[in-house]
Amino acid sequence: MTVTILGAGTSTGVPVPGCSCAVCTSGLPENSRTRCSALLSFAGRNILIDASTDLRQQALREGITRIDAVLFTHTHADHVHGIDDLRPFNRRGEPAIAVYGSAETIATLRRRFSYIFDAGAEPGYRPRLETREASAPFRLFGLPIEPLPLRHGSGQCLGYRIGPFAYLADCSAIPKSSWDLLGGLEALVIDALRFRPHATHFTIAQALKVAEALAPKRTLLTHLSHDVDYPRHAPDLPPGVELARDGQSLSLLLDAAGKDTPKAAAGN
């Protein structure tokens, strides 16, 4: 299974429009971050985690030619407002793209994007999507998917564990019931917005404490704001922890049944 970080940025993206800070004006590729999203590739299938506002740009940059399913974490704009850009991935004659999320997420998507889901809507070029509630573990194209409820300030969000990999974006706390499902990870991608406290996101220090306790072999900090300067701050991170970068990939070894094996191959 290959995991590609499509976007490692917070809701504004980086650079932030109109901002003249040192990070936003650095011109460094490592400081250029589209909105938070990832792609899982396995057995010829592509599973998208969130349809970020920058989905079109991300798909063109990575040469994505198919999306077979989408795992939604929650319905904040930066994670769902690229949903219309799923249209080109509806191949003629193929089934609708399955989109997964919590019951609240599915209800909000169906209400907010009624033109996609309402059978009585006017005909037009729109994504063909089939909603499915992710309230219990399931398998998707042979991969074991474990939805993980997270706290996102006063709200909720879903993380996902897929074999030896976990993706925990937009979270400020991990309930014990989810924590207990995060042992033995090879790779962890986790929210780490900035250094200063925030009401709805882990700080970098808080994310590092989670990584230290869970002890995955590799941790990528994502959902980064323009407070985070890659060349300045990346060297200070503990061994095995790094700042996620747009386009970064890692490969995880799975057995034929889609279960994780003890080894992980290094990505770029």
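On a predicted model such as this, the values are computed, not experimentally measured, just so you know.

Colleague: Where do I start with the packing of aromatic side chains in this structure?
Modeller: In this description, an aromatic ring pair is defined by two values, namely the gap between the centres and the angle between the planes. Evaluated as defined, the whole model comprises 1 aromatic pair. Aromatic pair Tyr-100 and Phe-138: ring centres 4.6 Å apart, planes at 10°, arrangement stacked. Of this pair, Tyr-100 sits in strand 5 (residues 97–101) while Phe-138 sits in strand 7 (residues 138–140), and the two are 38 residues apart along the sequence. Residue class for Phe-138 comes out buried when judged on its relative accessible area of 17%.

Colleague: Quick question: what am I supposed to make of the pattern of salt bridges here?
Modeller: Counted according to the given criterion, the structure contains 11 salt bridges. The salt bridge involving Arg-132 is made with Glu-130; its shortest N-O contact spans 2.6 Å. Look at Arg-132 and you get partly exposed, because its relative accessible area is 37%. By relative accessible area, Glu-130 is classed as partly exposed at 38%. Its salt-bridge partner being Asp-180, residue Lys-176 comes within 2.8 Å of it at the nearest N-O pair. Classification of Asp-180 by relative accessible area gives partly exposed; the value is 48%.

Colleague: Looking at this model, I keep getting lost on the pairing of strand 2 (residues 37–42). Mind explaining?
Modeller: Taken residue by residue, a regular strand's side chains alternate between the two faces of the sheet. Extensive coverage of strand 2 is indicated by the burial of 5 of its 6 residues. Pairing geometry for strand 2 and strand 3 (residues 45–49), over 5 bridges, is antiparallel. Its bridge partner lying in strand 3, Ser-41 is registered against Asn-46. In sequence, strand 2 turns back onto strand 3 through a hairpin of 2 residues, with Ala-43 there showing a positive phi of about 55°.

Colleague: It is not clear to me how the environment of Gln-248 should be interpreted in this structure. Could you clarify?
Modeller: For Gln-248, the location among the structural elements is in the loop between strand 13 (241–243) and strand 14 (249–254). A relative accessible area of 1% means that Gln-248 is categorised as buried. The spatial distance from the C-alpha of Gln-248 to the C-alpha of Arg-112 is 31 Å, given a sequence separation of 136 residues. Side chain to side chain, Gln-248 and Glu-242 meet in a polar contact 2.8 Å long.

Rules of the game
Residues numbered from 1 in each chain as written. Predicted model: local features only at pLDDT ≥ 70, side-chain atom pairs only at ≥ 80, totals over all residues. Heavy atoms only, no water. Phe/Tyr/Trp six-rings, centres within 6.5 Å; stacked < 30°, edge-to-face > 60°. Helix = DSSP H or I, 4+ residues; strand = E, 2+ residues; numbered from the N terminus. Buried < 20%, exposed > 50% of the residue type's maximum accessible area, 1.4 Å probe, protein only. Salt bridge = Lys/Arg side-chain N within 4 Å of Asp/Glu carboxyl O. Pairing = 2+ DSSP bridges. Polar contact = N/O pair within 3.5 Å; in protein donor to acceptor, adjacent residues only side chain to side chain.

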